[in-house]
Amino acid sequence: MFTAIFGSVEQGIIYAIMALGVYLTFRVLDFPDLTVDGSFVTGAATAATLIVLGYHPALATAAAIVAGFLAGCMTGILHTKAKINPLLSGILMMIALYSINLRIMGATTETAIGRPNVPLSNVDSLFTIFFGWWGNLGIDTAINNVLISIGIENVPKTWGTFFIMIIVTFAIKIIFDRFLKTEVGLAIRATGDNDKMIRSFSANTDTLIILGLGISNALVALSGALIAQYTKFADVSMGIGMIVIGLASVIIGEAILGTKTIVRTTLAVIVGAIIYRIVIAIALRVEFLDTGDMKLITALIVVVALILPKFFEKRKERARKAKRRAERTLTSEQEAKQLA
C-alpha cells in the first residue's frame, strides 16, 4: 500500500505541472481550453521521438515545451483571429493534434508513417541520467533503512524521482507566481476578469489570450514529456481525459486550501493533483474496481469536489443567518425590557 501511494505522489507531482497549465486557462483566462488532451500527447510524442532519434533528453524536453507552446498559440489564433468560439477552437486543435502526434511519433520509423506509440525502454531519459548521479549519494538506502526500522517492509526502489520533481515543480510554481505578478501577467489576469475593461486601456487582448494559451499548453506539454520519460513510453491515447484530471486537481486543491492569493492557489493546485492521484490509487485497490474504471472514478471525484464546497457553503450561510436572527431576537428582547 505504501509503495502504491508513494508512486501516486510521484505521478501527482508531475501531473501538477499540467494542472498549473489548466489553472491558467480555466481560472485566470476564463478560457475553456480543450487543447490540453492533445498538447499533453504532443509533449510526450515530441520528447520520446527525439530521444529515440538520439537527441539529449534535456533538448528533447525543451522541444516538447516549444511544441506545446505553438499548439496553444494556434488555439488562441483560431479564437482571436478567426473568431471561432473558444470551446470549439480547443476541440478543433485537439482533433488536429491527434494526427500531428501520430506523424511526430512516426518520425521514428524509416517510412515516417504515423505511429501510435513510442517505447523508451532501452534509451536514456532525464530520470535515468539523474538516477546515475543520485544512486551514488546513498540517500535511498538511508531513507529505506529508517522506513524498514519502523515496520514498513515494501519500500520504494528510489526516492530520486520524488525529490527532483518536488524541486522542478515548485521551481515552476515560483516562476509562475512571479509571472502572474508582472505587468504582462496582471494584464492576462485582467483579460480573464474583464476583457472590455483591459481593452479600454489600449491593451491588445488578442495577444494576451494567445500568449496565455501558449504558456498553458507549454506547461501541459512539459508534463506530458516528463510522464513519457517516467513511464518509459509515449502513446497517442495517453491524453484522453487529461482536461478532466487537470480540472479535478484545481477544484480539489481550491476546495481544501482556498484561493485567497495567487501563491496559495497555485500551491492548492499542486496539492490537489497529488490528492487526486492518491484517491485514484486507493480507489483502484477496491476489489470490484479495475483500471478500466479510472475515468468513471475521475468523473465521480470531480462531481464530489464540485458539490461538497457548495454544500458546506450553504451550511455556513444557514448558520450565519441563524446567528443574525438570534442576535436580532436578543436585541429586541433587551429593547422591550428597557421600555418596560
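The structure under discussion appears in the preceding block.
The present account deals with the structure reproduced in this document. Since the structure is predicted, the reported quantities are computational estimates derived from the model, not experimental observations.

1. Description of helix α11 (residues 242-257)
Taking 1.5 Å of rise per residue, 16 residues should cover 22 Å, and α11 covers 22 Å from first to last C-alpha, within 8% of that figure. Within α11 the residues assigned to the buried category are M242, I243, I245, G246, A248, S249, V250, I251, I252, G253 and E254. Two residues or fewer after α11 comes G258, characterised by a positive phi angle close to 85 degrees.

2. Quick look at the environment of G258
Position of G258 among the secondary structure elements: in the loop between α11 and α12 (262-283). G258 sits 10 residues away from A268 along the chain, and the two C-alpha atoms are 7.2 Å apart. Apart from the residues lying within four places of it in its own chain, the contact partners of G258 are G253, R264, T265 and A268.

3. What to know about the pattern of salt bridges
Considering all chains together, one arrives at 6 salt bridges under this definition. Among the salt bridges present, the one from K173 reaches D177, with a minimum N-O distance of 2.8 Å. Placement of the pair is K173 and D177 together in helix α7 (residues 160-180), with a separation of 4 residues, close to one helical turn. Look at D177 and you get buried, because its relative accessible area is 5%. The shortest N-O distance in the salt bridge between R324 and E317 comes to 3.8 Å. Its relative accessible area of 38% is what places R324 among the partly exposed residues. Using a relative accessible area of 28% as the deciding quantity, one classes E317 as partly exposed.

4. Some details on unusual backbone geometry
Backbone geometry places D30, a non-glycine residue, at a positive phi of 55 degrees. With a phi angle near 60 degrees, K83 is a residue other than glycine that sits in the positive phi range. Here K83 shows up in the loop between α3 (57-80) and α4 (86-106). The exposure class of K83 is exposed, given its relative accessible area of 64%.

5. A short note on the packing of helix α2 (residues 36-52) against α4
Packing of α2 against α4 leaves a shortest axis separation of 9 Å and a crossing angle of 10 degrees. In terms of their interaxial angle, α2 and α4 are classed as roughly parallel. Contact with α2, carried on its side by D37, G38, S39, V41, T42, A45, T46 and T49, involves M94, L97, N101, I104 and M105 of α4 and no other residues of that element. A breakdown of the residues in the contact of α2 with α4 according to their chemical character gives 6 nonpolar, 6 polar and 1 charged.

6. Focus on the packing of helix α8 (residues 183-193) against helix α10 (residues 205-231)
At a closest axis distance of 10 Å, the pairing of α8 and α10 adopts a crossing angle of 100 degrees. On the basis of the axis angle, α8 is roughly perpendicular to α10. Where α8 approaches α10, its residues V184, A187, I188 and T191 are matched on the opposing element by T205, L208, I209, L211 and G212. For the contact of α8 with α10, the residue count by class is 6 nonpolar, 3 polar and no charged.

7. Observations regarding the nonpolar core
Residues M18 and F40 are the most contacted members of the largest nonpolar core, which totals 75 residues. It is helix α1 (residues 2-28) that contributes the most residues to this core, 15 residues altogether. If near-sequence neighbours (up to four positions away) are discounted, M18 is found in contact with V36, F40, L219, V220, S223, M242, I245 and G246.

8. A word on a nonpolar patch on the surface
Taken together, V303, V304, L306, I307, L308, F311 and F312 make up a surface patch of nonpolar side chains, about 610 Å² in accessible area. Along the chain, L306 falls in helix α13 (residues 294-339). Residue classification places L306 among the partly exposed positions, given a relative accessible area of 42%.

About the cut-offs
Residues numbered from 1 in each chain as written. Predicted model: local features only at pLDDT ≥ 70, side-chain atom pairs only at ≥ 80, totals over all residues. Heavy atoms only, no water. Helix = DSSP H or I, 4+ residues; strand = E, 2+ residues; numbered from the N terminus. Expected span 1.5 Å × (residues − 1). Buried < 20%, exposed > 50% of the residue type's maximum accessible area, 1.4 Å probe, protein only. Contact = heavy atoms within 4.5 Å. Salt bridge = Lys/Arg side-chain N within 4 Å of Asp/Glu carboxyl O. Axes fitted to C-alpha atoms, helices over the stretch in contact; angles between N-to-C directions. Parallel < 35°, antiparallel > 145°, perpendicular 65-115°, else oblique. Nonpolar A, V, L, I, M, F, W, Y, C, P; charged D, E, K, R; others polar. Core = buried A, V, L, I, M, F, W, Y, C linked by side-chain atoms within 4.5 Å. Patch = residues over 30% accessible without salt bridge, like charges linked within 9 Å, V, L, I, M, F, W, Y side chains within 5 Å. Areas by Shrake-Rupley, 256 points an atom, 1.4 Å probe, with all protein chains shown as cover.

Everything listed is a geometric property; what it means functionally is a separate question.
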